[in-house]
Amino acid sequence: MADEMSEQLRSFARSMRKAPTKAENMLWQTLRGRKLEGMKFKRQEPMGRYIVDFVCHEKKLIIEADGGQHRESQLDLERDRYFRSKGYRVLRFWNDEIERDSDAVALHIIKVAKGA
């Protein structure tokens, strides 16, 4: 049962990688190929029973690109608690924030990754 569930999650993650939002695509262009301070990010990565938008396992850093459906989301609070319990930091950016000022988003990610 668990194997079937994890395969469904992996399959769903693959489909999400093929159809990113504009903000996810913009952020991925910044994160991919170790472009940001040499950090290796993966996108649409299954973790536990969730799929995260971007993750750098080395820095234990998860980045989420959120649309309006995430505003005051109880599910997001539960997800964030789960990932914090695993030692990960979670950064959430609004899609319009990424689209409007991707440089500031990148600088904030670097600052957090460096522990500043």
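Above this text sits the structure in question.
The structure reproduced in this document is the subject of the present report. (Residues numbered from 1 in each chain as written. Predicted model: local features only at pLDDT ≥ 70, side-chain atom pairs only at ≥ 80, totals over all residues. Heavy atoms only, no water.)

1. Here's the deal with the packing of helix H2 (residues 22-31) against helix H5 (residues 102-113)
Formally: The angle between two axes is taken between their N-to-C directions and runs from 0 to 180 degrees, where each axis is a line fitted to C-alpha atoms and a helix contributes only its stretch in contact. Numbering of helices and strands starts at the N terminus; helices are DSSP runs of H or I of at least 4 residues and strands are runs of E of at least 2. Oblique is the label for any angle not under 35 degrees, not over 145, and not in the 65 to 115 range, which are roughly parallel, roughly antiparallel and roughly perpendicular in turn. Handedness of a crossing follows from how the near helix is turned relative to the far one, being left-handed for an anticlockwise turn of less than a right angle and right-handed for a clockwise one. The contact definition used throughout considers only heavy atoms, calling two residues in contact when any of these lie within 4.5 Å.
Between H2 and H5, the shortest axis-to-axis distance is 11 Å and the interhelical angle comes to 55°. The orientation of H2 with respect to H5, classified from their angle, is oblique. Handedness of the H2/H5 crossing: right-handed. In this structure, H2 uses Met26, Leu27, Thr30 and Leu31 to contact H5, whose residues at the interface are Ser102, Val105, Ala106 and Ile109.

2. What to know about the pairing of strand S2 (residues 50-56)
Stated precisely, the cut-off is as follows: Throughout this description, buried means an accessible area under 20% of the type-specific maximum (1.4 Å probe, protein chains only), exposed means over 50%, and partly exposed covers the range between. In this analysis, strands are considered paired if DSSP registers two or more bridges between them.
Of all seven residues in S2, seven are buried; the element is thus mostly enclosed. Relative to S2, strand S1 (residues 42-47) runs antiparallel, the two being bridged by five bridges. Bridge assignment links Lys42 to a residue of S2, and that residue is Val55. Counted along the chain from S1 to the antiparallel partner S2, the turn is two residues long, and its residue Gly48 has a positive phi close to 60°. Relative to strand S3 (residues 61-66), S2 runs antiparallel, the two sharing three bridges. Paired with Val55 across the two strands is Ile62, which belongs to S3. With antiparallel pairing between neighbouring strands as the criterion, S2 and S3 make up a hairpin whose turn holds four residues, including Lys60 at a positive phi of roughly 50°.

3. Observations concerning the nonpolar core
For clarity, the threshold we go by: Only buried Ala, Val, Leu, Ile, Met, Phe, Trp, Tyr and Cys residues count toward a nonpolar core, and they belong to the same one when joined by side-chain atoms within 4.5 Å.
Membership of the largest hydrophobic core comes to 21 residues, with the highest contact counts inside it found for Leu27, Leu31, Phe41, Leu61, Ile63 and Ile109. Every element with two or more residues in this core is listed here: H2, S2, S3, strand S4 (89-94) and H5. Considering each element in turn, this core owes the most residues, six residues, to H5. What Ile109 contacts, discounting residues up to four positions off in sequence, is Leu27, Leu31, Leu36, Met39, Phe41, Leu61, Ile63, Leu91 and Phe93. Counting seven residues, the second largest nonpolar core, distinct from the first, contains Met47, Tyr50, Ile62 and Phe83.

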